[in-house]
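The primary structure of each chain is shown beneath.
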Amino acid sequence: MSSVTPLVVTHPHALVRDGLQKILSKSSFRPTHILPALDETAENLLASAGACIWLVGVTECGTATNELVSKMVAKNPEVRAVILTASHTASDILPAFVAGAYGFLRQDIPSKQLIKSLELVALGESVMHPHFRQMGLISPAGPAPAHAEGDASPEANGGLFPRRPDTRSPANGLQAGEHDVVKSLSRRELVILRTLTEG
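If you're wondering where the values come from, they're calculated on a predicted model, not measured in any experiment. (Residues numbered from 1 in each chain as written. Predicted model: local features only at pLDDT ≥ 70, side-chain atom pairs only at ≥ 80, totals over all residues. Heavy atoms only, no water.)

Undergrad: Quick question: what am I supposed to make of the nonpolar core here?
TA: What tends to happen in soluble globular proteins is that the nonpolar side chains get buried as a cluster. Residues Leu46, Trp54, Val56, Val69, Ile83 and Phe104 are the most contacted members of the largest nonpolar core, which totals 23 residues. Listed by contribution, the elements that provide at least two residues to this core are α2 (40-47), β3 (52-60), α3 (63-75), β4 (79-87) and α4 (90-99). Excluding residues within four positions of it along the chain, Val56 makes contact with Thr10, Thr65, Val69, Ala81, Val82, Ile83 and Leu84. Counting 19 residues, the second largest nonpolar core, distinct from the first, contains Leu20, Leu84, Ile109 and Leu118. (Core = buried A, V, L, I, M, F, W, Y, C linked by side-chain atoms within 4.5 Å. Buried < 20%, exposed > 50% of the residue type's maximum accessible area, 1.4 Å probe, protein only. Helix = DSSP H or I, 4+ residues; strand = E, 2+ residues; numbered from the N terminus. Contact = heavy atoms within 4.5 Å.)

Undergrad: Just checking my understanding: could you explain the pattern of salt bridges for this structure?
TA: Pairs can form between side chains of opposite charge whenever their charged atoms are close. What the rule picks out here adds up to 4 salt bridges. We note a salt bridge from Lys71 to Glu43, for which the minimum N-O separation is 3.2 Å. A residue pair is termed long-range when its members are at least 10 positions apart, and Lys71 in helix α3 and Glu43 in helix α2 qualify at 28 residues. A relative accessible area of 38% places Lys71 in the partly exposed class. Overall, the relative accessible area of 13% leaves Glu43 in the buried class. A salt bridge links Asp108 to Arg106; its shortest N-O distance comes to 2.6 Å. (Salt bridge = Lys/Arg side-chain N within 4 Å of Asp/Glu carboxyl O.)

Undergrad: Could you clarify how one ought to interpret the packing of α3 against α4 in this entry?
TA: Each pair of packed helices can be described by the angle between their axes along with the distance between the axes. Between α3 and α4, the shortest axis-to-axis distance is 8 Å and the interhelical angle comes to 15°. With respect to α4, the element α3 is oriented roughly parallel. Like other packed secondary-structure pairs, α3 and α4 cross with a definite hand, here right-handed. The segment α3 lies against α4, with Asn66, Val69 and Ser70 engaging Pro95, Ala96 and Ala99. Classifying every residue of the contact of α3 with α4 by side-chain character gives 4 nonpolar, 2 polar and no charged. (Axes fitted to C-alpha atoms, helices over the stretch in contact; angles between N-to-C directions. Parallel < 35°, antiparallel > 145°, perpendicular 65-115°, else oblique. Left-handed = near helix turned anticlockwise from the far one by under 90°. Nonpolar A, V, L, I, M, F, W, Y, C, P; charged D, E, K, R; others polar.)

Undergrad: How do you make sense of the pairing of strand β1 (residues 7-10) when you look at a structure like this?
TA: Within a regular strand, side chains alternate between the sheet's two faces. Residues Leu7 and Val9 line one face of β1 and the alternating positions Val8 and Thr10 line the opposite face, and both faces are buried. Across 4 bridges, β1 lies against strand β2 (residues 31-35) in parallel orientation. Along β2, the bridge assignment pairs Leu7 with Pro31. In this fold, the crossover linking β1 to β2 by way of helix α1 (residues 14-24) has right-handed handedness. (Pairing = 2+ DSSP bridges. Right-handed = clockwise from strand over helix to strand, strands pointing away.)

Undergrad: Whenever I open this one, helix α5 (residues 111-122) confuses me. Can you help?
TA: What sets the pattern is the α-helix's 3.6 residues per turn: residues three or four places apart point alike. The end-to-end C-alpha separation of α5 is 17 Å, in line with the 16 Å expected for 12 residues at 1.5 Å each. Inspection of α5 places Leu114, Ile115, Ser117, Leu118, Glu119, Val121 and Ala122 among the buried residues, and these make up the whole buried set. Each element contacted by the buried residues of α5 is listed here: α1, β3, β4, β5 (103-106) and β6 (127-128). Just beyond α5, the residue with positive phi is Gly124, at close to 105°. (Expected span 1.5 Å × (residues − 1).)

Undergrad: I keep staring at the sheet that holds β3 and nothing clicks. Help me out?
TA: Note: strands within a sheet are paired through backbone hydrogen bonds, in either parallel or antiparallel orientation. Pairing within the open sheet is parallel, and its 6 strands lie in the order β2-β1-β3-β4-β5-β6. Both outer strands of the open sheet, β2 and β6, are each paired with one neighbouring strand and no more. Sheet analysis places β5 next to β6, joined by 2 bridges and oriented parallel. Residue pairing for β6: Phe104 is matched across the bridge by Met128. Contacts from α1 reach β1, β2, β3 and β4 within the one sheet, and its direction differs from that of β2 by about 170°.

Undergrad: Mind showing me how you'd approach α3 here?
TA: Taking 1.5 Å as the rise per residue, α3 with 13 residues should run 18 Å; its terminal C-alpha atoms sit 18 Å apart, in good agreement. Every buried residue of α3 is listed here: Thr65, Asn66, Val69 and Met72. Down the axis of α3, the sector holding all buried residues measures 130°, keeping them to one side. Among the exposed residues of α3, those oriented more than 90 degrees off its buried face are Thr63, Ala64, Glu67 and Ala74. (Arc of directions from axis to C-beta.)

Nothing here speaks to function; it is geometry throughout.
Laid out in structure tokens, this is it:
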């Protein structure tokens, strides 16, 4: 990627924030802001940031993290949240994507894989740490095409990120409000969801 992609980092640990800044300074993802937490200042920043990637560092993922992601995506639909966690379980993954996250990565991800994952998120793909493939949570068939139909050009979204095309089909057996969540998922996310639910 030749241009610099706006990136906001929130992480509770100073050493991790410093490490991320060092890793990302050599990439096209130079952090515009690195903050210790998602406080009111960070919320206002993300709400008005336009198209950007938000690297959400947490010690453990759960309901509180997913609520923050959902809240920020509702305030600014152009924010692409990528959760970077030190502790997780398989049951943490799906709720994170349902909340609106584009990525779910372990904190021990190698720096080159982190940068590649962020590149994929900038292109509209959802990403997960390679560890989840070993756990059997991702189909070995690989990702679906990022842009099958629809106006996915960067120009359609302020010039930075391609929009996710609307290529979903209606799902059966959903509760009220869940259909909207399923409609907002990409093909790859639907494959992941099916894999998780089918065991």
